[in-house]
Amino acid sequence: MTKKLKVYLLIVITVVCAACTLAGCKIGRPGRAEVLADYKAHVTYYSNGGKFDQSTTLTVRDLYFKNDPKSESYDANGVPFFDISDDTEGMNVAFDGYDLVGWYMPETYKDGEHAGEIMYTYTYKDDKGQEITEAVFPVVDEDGDAVTDIVTDRPVFARAGKDEQILESEIRVTPSDVRLDSTRRVADDENLIVCAKWAPALKIVYKLVCEDGKTYTDKDGNEYKNGTELRRDNFGKGEYYSPTTLEPIKLNGASFVRSYLDEELETVVGSSSIARPEGDEPENPVVYSHYIDGDNWTIVTNDPDKVVSMFTGLGNANNKYYLLSDVDCGSKTFTLKNQGVEVNATVQGNGFTISNLKFAVTGAINNDFSVFGTIGASFKLSNLKIENIKIDITAKGNISLYAVCNGLDASAHIEGLEISGITAHVKIPASNRVRNVQIKKQDGTEVEDKSHWLFGGSDNDEQFQANHPQIKVTGETTLTIAP
């Protein structure tokens, strides 16, 4: 049964009741039974202070459901429980100043005269304006049956020790710890009674975390500094809230990195949810959104495709990359750069490690190949670790291989590039050679001199690393050349 059909059903019942009331007749069970002949499953919703459809003061709503055996959706166990907390015309429930935690089964008395009965309460204000809540119980007749108001077809309640009687529309129900969801089914001929559980309305406050002393503006010219509130989101219904991983707002001159659940930027949003704070006046939860100085930074997460994109874009001096985690790239294959490619981008590694980089070239001839190409004057790189580089080249003519870079401009700014483990294999015709691997004769035997295959731009690799201690190659380095 669709939500609209349920709304229409309620409208029909209301119109029939109103028409008969105006005509002077009394509405009882036979009339309702006739209207609801095919609607067996029945749920009574107590809003517990909330309003249905945002406008009415009605505190109790009944919905009836069909479970037609001829329908494809028929289920012998009944129909799914229908959550009417969504913002659907004529169905949703709201309570000013409160968030709906959910629909719950009513609490029942554990012992005493009313053991097993639902806990109903009546709340009113005394002469001093103080809110008073009292327990109330359905009025029963001499046969022990609940007394029903003939117009509203609802049980009548009495306040303990009072002669006056009040209607069910003024009653609230105490929620138990059993929350209802769509997995709960309502059986035929069952009247399921549920009640709303509310908590003080909360906002999720997003605050800016950036370098102290920096000031940024949004599109409207509003200024933001470290600790400034960026925006607020409604906590919404439920006991938990999952903050957005998206950029809270766009700031001129800054790039959004990531949001965290703590000011120390340790617990990443997306890996955890925020539990609703308890208490009558809980504080709004705070999410800390990290921004870094400068526009158009590309954030590199633990997605290897992001690393592929980074290595592809290193040639553009306008590109800036900011690593957020270690990345295992074992599932990807990269392309080696040749001497015609100069890298000038900016890479901020933040101490993270890119591991298992596989580079491959087929049909290579007359080029110098390397991972970084030629490092240009504008290249900036800081605090990056690379583990386990594997290079496979299939050549069809003479080539040169400088595994890390073909050369480095003196103006390049590199602070902390550490490479651990490089393995290279070159398959090349016997008539050709890797030009920077010298063939020397020793006791009449030709041997390969592999002292100059990691770095170009120096007489040998040892000299290069002495001149550029900010670039470290550690671990095993192996080059094999075979036809």
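The rules behind each value
Here, residues in each chain are numbered from 1, in the same order as that chain's written sequence. Totals for whole chains, interfaces and linings use every residue, but because this is a predicted model, local features are given only for residues with pLDDT of at least 70 and side-chain atom pairs only at 80 or more, for both listing and counting. Only hydrogens and water are set aside when side-chain values are computed; all heavy atoms of the structure are taken into account. Here, nonpolar core means buried Ala, Val, Leu, Ile, Met, Phe, Trp, Tyr and Cys residues that are tied together by side-chain atoms lying within 4.5 Å of each other. Burial here depends on accessible area, computed with a 1.4 Å probe over protein chains only, as a share of the maximum for the residue type. Under 20% is buried, over 50% is exposed, and the range in between is partly exposed. Think of it this way: any DSSP run of H or I at least four residues long counts as a helix, any run of E at least two long counts as a strand, and we number them from the N terminus. By this definition, two strands are paired if DSSP reports at least two bridges between them. Contacts are residue-level and defined by heavy atoms, with any inter-residue pair within 4.5 Å sufficient. Working definition: rings of Phe, Tyr and Trp (its six-membered ring) pair if their centres are within 6.5 Å, and the pair is stacked with planes under 30 degrees apart, edge-to-face with planes over 60 apart, and tilted otherwise. Take a side-chain nitrogen of Lys or Arg and a carboxyl oxygen of Asp or Glu: if they are within 4 Å of each other, that pair is a salt bridge. Only protein atoms enter the 1 Å grid used here. Points where a 1.4 Å probe fits but cannot escape make up a cavity, open sets with protein on both sides within 12 Å along at least five of seven lines make up a pocket, and a residue lines them when an atom lies within 4 Å of a point. Grid points are joined across faces, edges and corners, and a volume is the space filled by probe spheres set on the points. Gly is put with the polar residues, along with every residue not named as nonpolar or charged; the nonpolar set is Ala, Val, Leu, Ile, Met, Phe, Trp, Tyr, Cys and Pro, and the charged set is Asp, Glu, Lys and Arg. In this context, the arc is that of the directions from the helix axis out to the C-beta atoms. Polar contact is defined as a pair of N or O atoms within 3.5 Å, subject to the rule that within protein one atom must be able to donate a hydrogen and the other to accept it, and that residues adjacent in sequence are counted only when both atoms are side-chain atoms.

## Observations concerning the nonpolar core
No. 1: Val307, Met310, Phe311, Leu314, Leu357, Phe372 and Ile393 are the most contacted members of the largest nonpolar core, which has 53 residues in total.
No. 2: Going through the elements one at a time, helix H3 (304-312), strand E25 (320-323), strand E31 (353-364), strand E34 (380-395), strand E37 (413-427) and strand E40 (471-482) are the ones with two or more residues in this core.
No. 3: Broken down by element, the residue count for this core peaks at seven residues, all from E34.
No. 4: In terms of nonpolar packing, the next biggest core, distinct from the first, is built from 20 residues, Trp103, Leu180, Leu192 and Trp198 among them.

## Quick word on the sheet that holds strand E35 (residues 400-401)
Strand pairing within a sheet occurs via backbone hydrogen bonds; the two strands may be parallel or antiparallel.
No. 1: Strand order across the open sheet formed by three strands is E28-E32-E35, with mixed pairing between neighbours. Looking at strand neighbours, the two that pair on one side only are strand E28 (337-338) and E35, the edges of this open sheet.
No. 2: For E28 and strand E32 (residues 368-370), the ladder comprises two bridges, and the chain directions are antiparallel. Along E32, the bridge assignment pairs asparagine 338 with phenylalanine 369.

## Remarks on the environment of glutamine 130
No. 1: By the element assignment, glutamine 130 lies in the loop between strand E7 (120-125) and strand E8 (131-138).
No. 2: Take glutamine 130: its relative accessible area is 49%, and that puts it in the partly exposed class.
No. 3: Other than its neighbours up to four places away in sequence, glutamine 130 contacts Tyr124 and Lys125.

## Some points on the packing of aromatic side chains
No. 1: For the structure on display, the rule yields 18 aromatic pairs.
No. 2: Ring centres of tryptophan 297 and tyrosine 322 lie 5.9 Å apart, and the angle between their planes is 85°; this geometry places the pair in the edge-to-face category. Taken together, the residues span a long stretch of sequence, with tryptophan 297 in strand E24 (residues 297-300) and tyrosine 322 in strand E25 at a distance of 25 residues.
No. 3: Residue tyrosine 322 is classed as buried on the basis of its relative accessible area of 8%.

## Some words on the pairing of strand E3 (residues 60-65)
No. 1: Across the six residues that make up E3, a large majority, six, are buried.
No. 2: The alternating pattern of E3 places Val60, Asp62 and Tyr64 on one face and Arg61, Leu63 and Phe65 on the opposite face, and all of these are buried.
No. 3: Taken together, the six bridges between strand E1 (residues 41-46) and E3 define a ladder with antiparallel strand orientation. Bridged to histidine 42 within E3 is tyrosine 64.

## Comments concerning the pattern of salt bridges
No. 1: Inspection of the entire model under this criterion finds 14 salt bridges.
No. 2: Lysine 110 is the partner of glutamate 107 in a salt bridge, and the nearest nitrogen-oxygen pair spans 2.6 Å.
No. 3: You can call lysine 110 exposed: its relative accessible area is 62%.
No. 4: Residues lysine 214 and aspartate 293 are paired through a salt bridge, measuring 3.5 Å at the closest nitrogen-oxygen approach. Taken together, the residues lysine 214 in the loop between strand E16 (203-209) and strand E17 (216-217) and aspartate 293 in strand E23 (residues 286-293) connect sequence positions 79 residues apart.

## Structural notes on the pairing of E37
Regular strands place side chains that alternate from one sheet face to the opposite one.
No. 1: Here E34 runs beside E37; their pairing, made up of 13 bridges, is parallel. Paired with lysine 385 across the two strands is glutamate 418, which belongs to E37.
No. 2: The pairing of E37 with E40 spans 10 bridges and is classified as parallel. Bridge pairing in E40 places lysine 427 opposite alanine 482.

## Quick notes on the layout of surface pockets
No. 1: Looking at the second largest pocket, its volume works out to about 700 Å³.
No. 2: If you trace the second largest pocket, you find 25 residues lining it, with Tyr98, Lys197, Trp198, Ala199 and Pro200 closest to the centre.
No. 3: Looking at the lining of the second largest pocket, the elements that each hand over two or more residues are strand E6 (98-106), E7, E8, strand E12 (172-173) and strand E15 (191-200).
No. 4: Examining the composition of the lining of the second largest pocket, we find that five residues originate from one element, E15, more than from any other.
No. 5: Class assignment of the residues belonging to the lining of the second largest pocket gives a composition of 12 nonpolar, six polar and seven charged.

## Things to note about the sheet that holds strand E36 (residues 407-408)
No. 1: The parallel open sheet is built from three strands, whose spatial order is E29-E33-E36. Unpaired on one side and paired on the other, strand E29 (342-343) and E36 mark the two borders of the sheet.
No. 2: Alignment of strand E33 (residues 374-375) against E36, held across two bridges, turns out to be parallel. Residue pairing across strands places threonine 374 opposite glycine 407, the latter belonging to E36.

## Some words on H3
No. 1: Within H3 the residues assigned to the buried category are Pro304, Val307, Met310 and Phe311. Projection of H3 onto a plane perpendicular to its axis shows the buried side chains occupying an angular sector of 110°, all on one side.
No. 2: N-capping of H3 is provided by aspartate 303, with a side-chain oxygen placed 3.0 Å from the backbone N of aspartate 305.

Function cannot be read off these values alone, since they describe shape.
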